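# Reading the structure
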Amino acid sequence: MTQPVMDLCDQVICSTYARYPVVLERGQGSRLWDAYGKEYVDFVAGIAVCNLGHCHPEVTEVICRQAQTLVHVSNLYYTRPQVALADALRRHSFADRVFFANSGAEANEAAIKLARKYSRDKYGPGRFHVITMENSFHGRTLATLSATGQEKVQKGFEPLVEGFLFVPYNDIEAVRRAMSSEVCAVLVEPIQGEGGVRVGDAGYFQELRALCTERDVLLIFDEVQVGMGRTGTLFAYEQLDVTPDVMTLAKALGNGLPIGAMLATEQAAQAFTLGSHASTFGGTPLVTAAAGKVLELLSQPSFLASVREKGQYFLERLRDLQSRHAEKVRDVRGRGLIVGMELAGPGKAIVDQCLSKGFLINCTHETVLRFVPPLVIGKDDIDRLIDVLDGVLKEWTP
Ligand SMILES: *Cc1c(COP(=O)(O)O)cnc(C)c1O
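These numbers come from a predicted model, not from an experiment.

### Here's the deal with the site of the ligand
Surveying the vicinity of the ligand reveals the residues S103, G104, A105, N108, F137, H138, G139, E189, D222, V224, Q225 and K251. At 2.8 Å from a nitrogen atom of the ligand is found a side-chain nitrogen or oxygen belonging to D222. Contact between the ligand and K251: an oxygen atom at 2.6 Å from a side-chain N or O atom of the residue. If the ligand stood free it would expose 380 Å²; the protein chains cover 81% of that surface. No other element matches the 3 residues that helix α5 (residues 104-123) contributes to the shell around the ligand.

Here's what the structure looks like:
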C-alpha cells in the first residue's frame, strides 16, 4: 500500500533527502499516524516546527477562516494580519521592526544583507565580513550555506559567498582574534541545534554583546530553531541577559506554515530602505494570521512555565538513563524542550529501532540524538520514550 508511494518518490523527487520508510498521513497534538493507521509519538515535531502540536484546533480555525477571506495580495498593499504580527513580535521582543520571509534561510539572508548594508552606509565598502561559528547551521541558500560552519553543507557548491570567518563556538577569545575593522556582524545560535544541541554559556553571549557594541558590529542571533518557546522562554536570548541587534525566526513561527522573520532594532533596521529587499510571499495574510495565533498561544506565561518544567523532567530522566548506560551515553544536555543525548557511536540504528516501536526521534551530527517534541508533549509520553530508549540502548553497541 505504501511501497508505490515510496517508489514514485524515488523517481519524481530530487534525491536530496534520506527518508525513513514510513508514509505519514495524519497528526493530532503529539501523535502521528501512518498509512496503515500505526500510531507514533512525535519527538521531532517536523524538526522543532510544530511546537503547538499537529493540527492545533485554534490555529487550524484561523487558517480556515483566513483561507476563505484573503490568502495573498503582494506587498504592494497593506494587510492587517501582517501588521498585527509584526506589532506583536515587537511587543514580545527587543525588536522595533520586522522583515517577513518564508524560511529560516531567507530570514538569515535578510539579516546578512542588512548587516552588510548597515555597515556600508555608515563606514563605506570593505567592512562586510561576518564572524560565524564552527558547526553552525544557517540554511542552504548560497549565502547561508557559506555562513554555515559545516563542510558537508558547502561541498560541491564552491565558489562560496565571500566574507565569512569561522571560529569555534562558545570561545570569546577566538572571536576577539577574528575581530577586525572589516567585520560588520557576528552571527550565532544561542544553542547550536543541527550542530548537536550545543548550549552556549550566558557569559559568552554577554561578552559577545559588549565586544559588538564597542565596535558597532551587529550581533545577530539565529533563533530559527530555538525561538518560539522551545527553550522555555519565548526567545532563547531572554535567558542570557543580553539582547541582539538582529534576530531570525522561522521554524515554529507558523506551526508548520512556511514563514520566516528577521527582527531588528530601529537603529539596525534603518539600513533597509525602499527597494533594499523584498519577497513575493513574505508575510502573506494566510501565514501571518496563523502565526499571530501561534505567537499568542506560545507566549502565555503558564505555557512557557510548563515547557521549562517538562524540559527539566526530561533532562533528569535522560541523565538517569545515562547513568544506567554510562559506556554508551557520553552526555545529556539541553534547555527547555530541545534536548540532546550524545552517544559513543552513530545513532541511526537507535532512531530506526524507536521508529519501529512507534516513536519518532532524530539524530543530528551523527552521534547526537536530538529530542524536539511538540511543546504540548505529556510527561507520560516522556516516560514511555525513556522506557523504549532503555530497552533499545541495552541491545545497541556503539
Ligand atoms: C533549520 C534552520 C535554518 C534553516 O531554515 P530553513 O527553513 O530550512 O531554511 C537556519 N538556522 C537554524 C538555526 C536552523 O535550525
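### Structural notes on the sheet that holds strand β6 (residues 164-167)
Strands sit in the order β4-β12-β11-β10-β7-β5-β6 across an open sheet of 7 strands; the sheet is mixed. Where the open sheet ends on each side, the last strands, each with one partner, are β4 (97-101) and β6. Shown here is a sheet whose adjacent strand axes are inclined to one another by a mean of 20°, direction ignored. Of the strand pairs in this sheet, strand β11 (residues 246-249) and strand β12 (residues 260-264) are connected by 4 bridges, and their pairing is antiparallel. Bridging across to β12, T248 finds its partner in M262. Sheet contacts for helix α4 (residues 80-91): β4, β11 and β12; angle to β4, the most-contacted strand, approximately 125°.

### Remarks on the domain arrangement of the protein
It is common to report an interface's size as the accessible area lost on association of the parts. Considered domain by domain, the protein is made up of domain 1 (3-55 + 304-395) and domain 2 (58-298). Just the C-alpha atoms count here: the centres of domain 1 and domain 2 sit 26 Å apart. The interface of domain 1 with domain 2 comprises 28 residues on the first partner and 30 residues on the second. Surface buried jointly by domain 1 and domain 2 totals about 2,400 Å² across both partners, of which 55% is contributed by carbon and sulfur atoms.

### With respect to unusual backbone geometry
P159 follows E158 through a cis peptide bond whose omega is 0°. Take P159: it is sitting in the loop between α7 (151-154) and β6.

### Quick look at the side chain of Q66
In this fold, Q66 is placed in helix α3 (residues 57-67). Contact partners of Q66, with chain neighbours within four places excluded, come to V71, P81, P285, L286 and A289.

### Things to note about the pattern of salt bridges
This structure, assessed with the given rule, holds 25 salt bridges. Note that R324 is salt-bridged to D390, the shortest N-O span being 2.7 Å. One end of the pair, R324, is in helix α12 (residues 301-324); the other, D390, is in helix α14 (residues 379-395), and 66 residues separate them in sequence. R384 is paired through a salt bridge with D381; the nearest N and O atoms lie 2.6 Å apart. Of the two residues, R384 and D381 both sit in helix α14, 3 residues apart, roughly one turn of that helix. On the basis of relative accessible area, D381 is assigned to the buried category, the value being 4%. Sharing partners across several salt bridges, the network here consists of R31, E39, D380, D381 and R384.

### Concerning the UniProt feature "modified residue: N6-(pyridoxal phosphate)lysine" (unreviewed entry) in the protein
UniProt feature "modified residue: N6-(pyridoxal phosphate)lysine" (unreviewed entry): in the numbering of this structure it lies at K251. Inspection of the secondary structure puts K251 in the loop between β11 and β12. Once you skip the residues sitting within four places of it in the chain, K251 turns out to touch I47, A48, V49, E194, V224 and Q225.

### Examining the pairing of strand β13 (residues 329-335)
Pairing of β13 with strand β14 (residues 338-343), which is carried by 6 bridges, proceeds in the antiparallel orientation. By the bridge assignment, V332 is partnered in β14 with M341. The hairpin formed by β13 and β14 contains 2 residues between the paired strands, and G336 there has a positive phi angle of roughly 60°.

### Structural notes on the packing of aromatic side chains
Scanning the model with the defined rule gives 8 aromatic pairs in all. With a centroid separation of 6.0 Å and an interplanar angle of 70°, the aromatic rings of Y169 and Y204 are classed as edge-to-face. On the criterion of sequence distance, the pair formed by Y169 in the loop between β6 and α8 (172-178) and Y204 in helix α9 (residues 202-215) is long-range, its members being 35 residues apart. Classification of Y169 by relative accessible area gives buried; the value is 13%. The ring of Y313 carries K379 above its face, with NZ or CZ at 5.0 Å from the centroid.

The rules behind each value
- Residues numbered from 1 in each chain as written.
- Predicted model: local features only at pLDDT ≥ 70, side-chain atom pairs only at ≥ 80, totals over all residues.
- Heavy atoms only, no water.
- Near = heavy atom within 4 Å.
- Polar contact = N/O pair within 3.5 Å; in protein donor to acceptor, adjacent residues only side chain to side chain.
- Areas by Shrake-Rupley, 256 points an atom, 1.4 Å probe, with all protein chains shown as cover.
- Helix = DSSP H or I, 4+ residues; strand = E, 2+ residues; numbered from the N terminus.
- Pairing = 2+ DSSP bridges.
- Axes fitted to C-alpha atoms, helices over the stretch in contact; angles between N-to-C directions.
- Contact = heavy atoms within 4.5 Å.
- Domains from an automatic or database assignment.
- Buried area = accessible area lost by both parts, 1.4 Å probe.
- Salt bridge = Lys/Arg side-chain N within 4 Å of Asp/Glu carboxyl O.
- Buried < 20%, exposed > 50% of the residue type's maximum accessible area, 1.4 Å probe, protein only.
- UniProt positions renumbered as here; feature names shortened; annotations may be inferred.
- Phe/Tyr/Trp six-rings, centres within 6.5 Å; stacked < 30°, edge-to-face > 60°.
- Lys NZ or Arg CZ within 6 Å of the ring centre and 35° of its normal.

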